[in-house]
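Now for the letters of each chain:
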Amino acid sequence: MVDRSKKKLPIGIEDFEKLRKNGYYYVDKTGLICELLQNQAEVTLFTRPRRFGKSLNMSMLRHFFALGSDRELFAGLEIMQDEELCGAYMGKFPVLSFSLKDIDAESFDTAFAMAAMMVNREAGNHYYLCESEKLTQNEKQAFLELLDRKMDKAVFCGSLELLSRLLQKHYGQKAVVLIDEYDVPLAKAHAQGYYHEMASLLRVFFQQGLKTNTSLQFAVLTGCMRVSKESIFTGLNNIHVLTIADVRLDECFGFTDQEVMELLGYYGMSEKYHVVKEWYDGYRFGDVEVYCPWDVVNYCALLCSDADALPENYWANSSGNDVVRHFLRKAGESSSIKREIERLIAGELVTKEIHQEITWRDMYSSIDKIWSVLFMTGYLTQRGRGEGRSLRLAIPNLEVREIFTTQVMELFKEDAKQDGKSLDALCDAFAKGNAQEVQRQFGKYLKKTISIRDTFARRALKENFYHGMLLGLLAFKGSWTVFSNKEAGEGYADILVEMDDDDEPVGMIIEVKYAHDGSLDAACQAALEQIQNRRYHDAFYHESVKKVLKYAIACYKDQCRVLLAADL
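This structure is a prediction, so every number in the text was calculated from the model and none was measured. (Residues numbered from 1 in each chain as written. Predicted model: local features only at pLDDT ≥ 70, side-chain atom pairs only at ≥ 80, totals over all residues. Heavy atoms only, no water.)

*Asks:* Pulling in residues and values, what's your account of the overall build of the protein?
*Replies:* Scanning the protein from terminus to terminus reveals 21 helices and 16 strands. Taken along the three principal axes of its C-alpha coordinates, the protein extends 95 × 50 × 50 Å. Buried positions account for 55% of the 568 residues belonging to the protein. On the protein, the mean spot of the 70 positive side-chain charges and the mean spot of the 83 negative ones are 3 Å from each other. (Helix = DSSP H or I, 4+ residues; strand = E, 2+ residues; numbered from the N terminus. Buried < 20%, exposed > 50% of the residue type's maximum accessible area, 1.4 Å probe, protein only. Lys, Arg positive; Asp, Glu negative; His and termini not counted. Charge placed at Lys NZ, Arg CZ, Asp CG, Glu CD.)

Written as structure tokens, this is what we have:
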């Protein structure tokens, strides 16, 4: 049951004011303000993976710096301990705040219209400029053009600089500029084929608003990728980029171990600490290991309703995982890369040279670039440094590992479906009770795909992988009815199949074992004994099935052994 006396968990809350005024739990990240001001650059770009609190932090910055800010929003938070800093900066600046994350369109014209609407909204927040006695009529007319949804590209590109200049003239104070998710339009444009047009538009927008803008106090940008200066930040030599590899401000995005322990303790869930850590920890930003906030908050909300709930994969469901698919497709062309992926999935490390400045246009052009993309987007994290630019990389946690294994399985099914001849040969061998041919055909599939092997996963998870492969293959036989983990006899059989190809239907039982010590024969014998002792064949007693084939299949890495028991 939900404890009404506790603060609400902020699932999807990115508005700092709403979070603080409406009784949501807040992990204090106001230390970012102090660090930002003490090491102030004219333009600062933070790059972090998705769902690590970038938007909430930007909202927090806006409410701190904006003229007329509400001090009560920050009551009891870390930043209020620095009275001198708060007196000098809190509520002292006109603020321009833009979020580019919703600019998602199939064509450049639509994307530009959405970008224009973004400027319309922010200009509308400062409509009072129309009545300002400090602005000339020409300046007011120029401002009104920012409210026109049919603004041309020249007006859009100059909008940031113009708004900053008008605000400075009205208030006598330079403006703070906040731009959240700056790279989302570039990612969408790349996917839809208009990257060059979008990059050209944003290049001028940023250059006029951030480089040649004398009315700028400072600017903060966030994004997922550090896009090459040559592609988007041309000539912008006043930008300071803080990536996930940088030590400075490394605790300001994501939850630290201490913060997670405090959160779990507040909700009476301390006993779930090790589960939460295993699933959602493991990202390393600078010198700090952090959890993904989105995952922790969502799982805690689930636990509030169901104390026995198992962890779920929230990160995978919040966005596409195209980069992993591209990576696995490229890896299929190289046996050495396949082995490296197997090592990663097994919980081991690989050392790779990482380049953090790339362009969206060539990010998938080679396997070397994809390693860098996986690192910057959070699918891989660092576990130490090698030589030069090299980092020792690992999959952060069980959640991300599940993303990899799921994508391996999906690609396996896609490839298998295209090879009808091999599928028919495998299914025909199963139906005829030819265990040796089943072993040969299934072994061919294992050799071609990425295997899920030791150290990182529990045995049950490894068995699930091979179980899933067999299910995927057998499911393509349209005339067969395939059941997974169905109750049978005195337990649950891994796979039950009713084959209706003949006048007399044939049943099939398949028990899958992972030979953790490499002993395939012993694992097969254990599987056969389990089939017999738990009487899985009872599942067919009430059917018209007269013959039942009982298969034991043991797997280890890319090897398998198949045995067939005597028919009933």
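*Asks:* Can you explain the pattern of salt bridges? Please cite residues and give values.
*Replies:* Inspection of the entire model under this criterion finds 21 salt bridges. In this structure, Asp 257 engages Lys 277 in a salt bridge whose closest nitrogen and oxygen atoms are separated by 3.3 Å. Separated by 20 residues along the polypeptide, Asp 257 in helix α10 (residues 257–266) and Lys 277 in helix α11 (residues 273–280) bring together distant segments of the chain. Note that Glu 437 and Arg 440 form a salt bridge whose closest N and O atoms lie 3.0 Å from each other. Taken together, the residues span about one helical turn, with Glu 437 and Arg 440 both in helix α19 (residues 435–448) at a distance of three residues. Since its relative accessible area comes to 22%, Glu 437 is described here as partly exposed. Arg 440 sits in the partly exposed class, given a relative accessible area of 46%. (Salt bridge = Lys/Arg side-chain N within 4 Å of Asp/Glu carboxyl O.)

*Asks:* Account for helix α2 (residues 31–38), with residues named and values stated.
*Replies:* A large share of α2 lies buried, amounting to six of its eight residues. Among the residues making up α2, those that are buried are Gly 31, Leu 32, Ile 33, Cys 34, Leu 36 and Leu 37.

*Asks:* Hey, could you go over the environment of Ala 316 for me, with residue numbers and the actual values?
*Replies:* Here Ala 316 is to be found in helix α13 (residues 314–317). Ala 316 sits in the buried class, given a relative accessible area of 15%. Considering only alpha carbons, one finds Ala 316 and Val 400, 84 residues apart in sequence, at a separation of 7.7 Å. Sequence-distant contacts of Ala 316, that is, excluding residues within four places in its chain, are made with Asn 321 and Ile 403. (Contact = heavy atoms within 4.5 Å.)

*Asks:* Go over the sheet that holds strand β11 (residues 390–394), please, and point to the residues and values.
*Replies:* Taken in spatial order, the three strands make up an open sheet running β9-β11-β10, and their pairing is antiparallel. Each edge of the open sheet carries a strand with a single partner, namely β9 (350–353) and β10 (381–385). Within this sheet the neighbouring strands show an average axis-to-axis angle of 45°, counted without direction. Note: β10 against β11, three bridges, orientation antiparallel. Across the sheet, residue Thr 381 finds its bridge partner in β11, namely Ala 394. In the packing of helix α15 (residues 335–345) onto the sheet, contacts are made with β9 and β11, and the angle to β9 comes to roughly 120°. (Pairing = 2+ DSSP bridges. Axes fitted to C-alpha atoms, helices over the stretch in contact; angles between N-to-C directions.)

*Asks:* If you had to explain the packing of aromatic side chains to someone new, which residues and values would you point to?
*Replies:* Across all of its chains, the model carries 32 aromatic pairs by this definition. Measuring from centroid to centroid gives 5.2 Å for Phe 65 and Phe 218, while their planes differ by 75°, and the two rings are edge-to-face. With Phe 65 in helix α3 (residues 54–65) and Phe 218 in strand β4 (residues 216–223), this pair connects stretches of sequence that are 153 residues apart. The exposure class of Phe 65 is buried, given its relative accessible area of 1%. (Phe/Tyr/Trp six-rings, centres within 6.5 Å; stacked < 30°, edge-to-face > 60°.)

*Asks:* Requested: an account of the pairing of β11, with residues and values cited.
*Replies:* Within β11, four of the five residues are buried, which leaves the element mostly enclosed by the surrounding structure. When β9 meets β11, the two strands line up antiparallel, connected through four bridges. The residue of β11 that forms the bridge with Glu 353 is Ser 390. Connecting β10 to the next strand, β11, in antiparallel fashion are four residues, including Gly 388 with a positive phi near 60°.

*Asks:* An account of the confidence of the model for the protein is needed here, citing residue identities and associated values.
*Replies:* Any segment with low pLDDT has predicted coordinates that should not be analysed in fine detail. The predicted model of the protein has a mean per-residue pLDDT of 90, with 95% of residues at 70 or higher. Looking across the protein, the model is least confident in α13, with a mean pLDDT of 81, and most confident in strand β3 (residues 175–180), with 98. (pLDDT = per-residue confidence, 0-100.)

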